[in-house]
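The primary structure of each chain is shown beneath.
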Amino acid sequence: MALKAAIARRHFRDHGLEVGPERIVVGNGGKQVIFDALLATVDDGDEVLIPTPYWSAYALMTEVVGGRATFVPCAAEAGFKLDPAALDAAITPRTRWVVLNSPNNPTGAALSRDELLAIGAVFQRHPHVWVMTDDMYGRLRFDGAPPMTLAEVAPELADRLLTVDGASKTYAMTGWRIGWGIGPAPLMRAMANMQGQATAGVSTVGQAATAAALDGPQGGVAEQVVAYRRRRDLVVDALRAMPGVECHRPEGAFYVFPSIAALLGRHSRGGAAVDTCAAFATALLEEAHVATVPGRAFGGPGHLRLSTATDDATLVRACAAMADFVRDLR
Ligand code: PLP
């Protein structure tokens, strides 16, 4: 109850929304919260609609619980932002959930209040659809916008909206494994039943630490945002200086998602055929010792995902090694 009270205080402080403990569920990370929601609600063949590029877990979890992941592409040219008309067109009678993630893993794209409003309006036309907003990176924004969530701009969705958040990203507390969901009480009860049979409760030590993080001074978060923003610029500028690499400048989170499509079809200096983003990532790892994730894993082939959640010196070194690797492609 102490952690739920701290979550409710933060939800009110940041979003002006009051929620009681019956509308909050705490899990072992946001990951379990999302899994429990899908497990509790998705029947065989139900569709979970996911804007791409996306965090791989949404689709894989959907498959595990017997659902069907469906996708709506967000164009790089549009800054990887979800187009409300495309969302509208992708919803079918079988769509159970739509998953929104802003700022986004892997692209870093973050929706503005107006963009959220336009997306909320689409859901009003489809009352059978439930909406999951994954706000895990909501406080790591570089555009100066305050944290915002669909629940505050579209309060009419409250009885079919699940807001997911956690301590992992905002407070760099990944290992403490604390996440939470805020949503309608019947959904919370169903999710708690799933979790009750899987892992029982959540570590009391992690709960106490997270309550302290939520209620304590937030200056550390602002300091981290400054650091992540500096690292984003460092990495984006370095990538844009590499011939053949294109890179959107993210508005939030701590990832960068460059396109390396123009470089595919070449050979690395070690002789590897770099035909796909996966082959590129493997050669870059083996020959330049830089770890990235192929965009294909996020529904964004032809891209790489780089994490900027490390120190500046390491990023400078990694970018230099990648620039050498790219220069030597033949
Ligand atoms: N949502 C997104 C978009 C993520 O990137 C992650 C972790 O990488 C999570 C949720 C889950 O985080 P955790 O389970 O650590 O709370």
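Whatever comes next refers back to the structure up there.
Residues numbered from 1 in each chain as written. Predicted model: local features only at pLDDT ≥ 70, side-chain atom pairs only at ≥ 80, totals over all residues. Heavy atoms only, no water.

Visitor: Sorry, what's going on with the site of the ligand here?
Guide: Around the ligand, the structure places 13 residues, and the nearest of them are Gly30, Asp134, Tyr137, Ser168 and Arg177. Note that a nitrogen atom of the ligand is positioned 2.5 Å from one of the side-chain N or O atoms of Asp134. Between an oxygen atom of the ligand and a side-chain N or O atom of Lys169, the distance comes to 2.8 Å. Protein contacts shield 93% of the accessible area of the ligand, which totals 400 Å² for the unbound molecule. Tallied by class, the residues present in the shell around the ligand amount to four nonpolar, five polar and four charged. (Near = heavy atom within 4 Å. Polar contact = N/O pair within 3.5 Å; in protein donor to acceptor, adjacent residues only side chain to side chain. Areas by Shrake-Rupley, 256 points an atom, 1.4 Å probe, with all protein chains shown as cover. Nonpolar A, V, L, I, M, F, W, Y, C, P; charged D, E, K, R; others polar.)

Visitor: I tried to follow helix H5 (residues 113-124) on my own but got confused; where do I start?
Guide: Note on helix geometry: an α-helix contains 3.6 residues per turn, so any two residues three or four positions apart are oriented the same way. Compared with an ideal rise of 1.5 Å per residue, which puts twelve residues at 16 Å, H5 spans 17 Å between its outermost C-alpha atoms and is within 8% of the ideal. Residues Leu116, Ile119, Gly120, Val122 and Phe123 constitute the buried set of H5. Buried residues of H5 fall within an arc of 150 degrees about the axis and therefore sit on the same side. In this structure, the buried residues of H5 make contact with helix H4 (84-90), strand S4 (95-101), strand S5 (130-134) and helix H6 (150-153). (Helix = DSSP H or I, 4+ residues; strand = E, 2+ residues; numbered from the N terminus. Expected span 1.5 Å × (residues − 1). Buried < 20%, exposed > 50% of the residue type's maximum accessible area, 1.4 Å probe, protein only. Arc of directions from axis to C-beta. Contact = heavy atoms within 4.5 Å.)

Visitor: Quick question: what am I supposed to make of the pattern of salt bridges here?
Guide: Here the idea is simple: oppositely charged side chains can pair when their charged atoms come close. What the rule picks out here adds up to 18 salt bridges. Connected via shared salt-bridge partners are Arg10, Asp14, Arg139 and Asp165. (Salt bridge = Lys/Arg side-chain N within 4 Å of Asp/Glu carboxyl O.)

Visitor: Looking at this structure, how should I read the sheet that holds strand S12 (residues 304-307)?
Guide: Strand pairs in the sheet, formed through backbone hydrogen bonds, run parallel or antiparallel to each other. With antiparallel pairing, the three strands of this open sheet are ordered in space as S8-S12-S11. Pairing within the sheet leaves two strands with one partner each, and these edge strands are strand S8 (255-256) and strand S11 (293-294). As judged from the two bridges shared by S11 and S12, these two strands associate in the antiparallel manner. Bridge assignment links Val293 to a residue of S12, and that residue is Arg305. (Pairing = 2+ DSSP bridges.)

Visitor: Help me understand the environment of Gln32 in this model?
Guide: Relative to the assigned elements, Gln32 resides in helix H2 (residues 30-41). Each C-alpha atom, one on Gln32 and one on Met191, is 9.6 Å from the other, the two residues being 159 residues apart in sequence. Beyond its immediate chain neighbours, meaning those up to four positions away, Gln32 contacts Gly27, Gln195, Ala198 and Thr199. Looking at Gln32, its side chain comes within polar contact range of the side chain of Asn28, at 2.7 Å.

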